[in-house]
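Topology and contacts: notes
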Amino acid sequence: MTKTIKHTFYFNQAPQEVWDYLTKPELMEQWMMPSDFKPIVGHHFRFTNPNNTFVVCEVLEVKPFTNLAYVWKNDWTKTKTPYTSKVSWTLTPVDTGTELVLVHSGFELLRDLVSHSGGWAFLSTKLRDLLNGPKK
Amino acid sequence: MRAQALDAFQVIADPSRRQMMVMLSKDSMTINSLAQNFDMSRPAVSKHIKIMYNAGFISITDIGRERYCTLKEDGFNELQGFINYFDKFWERKLKKLETILNNKAKLK
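Residues numbered from 1 in each chain as written. Chains lettered and ligands numbered in written order. Predicted model: local features only at pLDDT ≥ 70, side-chain atom pairs only at ≥ 80, totals over all residues. Heavy atoms only, no water.

Description of the sheet that holds strand S1 (residues 29–30) of chain B
Residue and element names in this part refer to chain B. What counts is decided by this rule: Here, a strand pair is defined by DSSP locating no fewer than two bridges between the strands. Put simply, DSSP H or I for four residues or longer makes a helix, DSSP E for two residues or longer makes a strand, and each gets a number counted from the N terminus. The contact criterion used throughout is that any non-hydrogen atoms of two residues lie within 4.5 Å. Inter-axis angles, ranging from 0 to 180 degrees, are taken between N-to-C directions of lines fitted to C-alpha atoms, where helices are fitted over the stretch in contact.
Taken in spatial order, the 3 strands make up an open sheet running S1-S3-S2, and their pairing is antiparallel. Across the chains shown, the open sheet's two edge strands, defined by having one partner strand only, are S1 and strand S2 (58–63). As paired elements, S2 and strand S3 (residues 66–71) share 6 bridges and run antiparallel to each other. Residue pairing in the sheet places aspartate 62 in a bridge with arginine 67 of S3. Contacts between helix H2 (residues 15–24) and the sheet are confined to S1, S2 and S3, with S3 contributing the most and set at about 90 degrees to the helix. Relative to S2, helix H4 (residues 42–54) is tilted by about 115 degrees, and along the sheet it contacts S2 and S3.

Below is the structure:
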């Protein structure tokens, strides 16, 4: 089973310019979704889906022009199939442009945890390891 | 002991079962050797094993007098639907970003 999503794209723009499209809500909205994102570790934010549901997120990593990661989960108060996952972006300068790598990983479905609050810290790291493959 | 049928989400929600699956992710184990790692009655361990078996997380093979548990992928497949959905989602979104940035480059 595939446990991780990975996409690599190349752009002619420099990492600084691509970074703006990952971190400025007015630019993110043009290709993703509206959000109240801020590039601050620990910041809680939401993307608004076209059907007015939310993707609930928390910023995990910000390394300007290089690295960005956030928790990506659905609205646990509104769903019967809560999941959590991690989205991370890596920008690398190549020639005059940028290589952008998206990794969406760590998927877990947590139907029974809806009643719990603050679920992210609660998650078993062991299970995360299991879903990401055995450690060798 | 009867074990009710739980779905994949309920199966992984229990810490003991998660721990059993972590142990089984390293190697197959007999029910007895699994049970030794848990501070619970043997019937309680058997019940957890039945729940994982019923939901497709493990298979059970009888070898001699021992019953061996092996981790199985089926139980994890429910996750695959989400993963496939997001794979397409990101591909679509990133192509959109590509179009925006290409058009921007042309305008310069």
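Text resumes after the structure shown.
Observations regarding the pairing of strand S3 (residues 54–63) of chain A
Residues and elements named next belong to chain A. Sheet topology places strand S2 (residues 44–48) next to S3; 5 bridges connect them, and they run antiparallel. Bridge pairing links arginine 46 to valine 56 in S3. Linkage of S2 to S3, two consecutive antiparallel strands, is achieved through a turn of 5 residues, within which asparagine 52 is found at a positive phi near 70 degrees. Alignment of S3 against strand S4 (residues 67–74), held across 8 bridges, turns out to be antiparallel. Each residue of the ladder has a partner; that of valine 56, found in S4, is lysine 73.

Here we look at the side chain of A:Asp75
All names here are of chain A. Counted only if it meets this: Buried means the residue's accessible area, taken with a 1.4 Å probe over protein chains only, is under 20% of the maximum for its type, while exposed means over 50%, and partly exposed covers the values in between.
Here aspartate 75 lies in the loop between S4 and strand S5 (83–94). Among the residues examined, aspartate 75 registers a relative accessible area of 16% and is labelled buried. If we ignore the near neighbours within four places in the chain, the residues touching aspartate 75 are Phe54 and Val56.

So, the pattern of salt bridges
If the charged atoms of two oppositely charged side chains come close together, the side chains can form a pair. Cut-off, in case you're wondering: Here, a salt bridge means any side-chain nitrogen of Lys or Arg that lies within 4 Å of a carboxyl oxygen of Asp or Glu.
Enumeration over the complete set of coordinates arrives at 4 salt bridges over all chains. A salt bridge links B:Arg67 to B:Asp62; the nearest nitrogen and oxygen atoms lie 2.8 Å apart.

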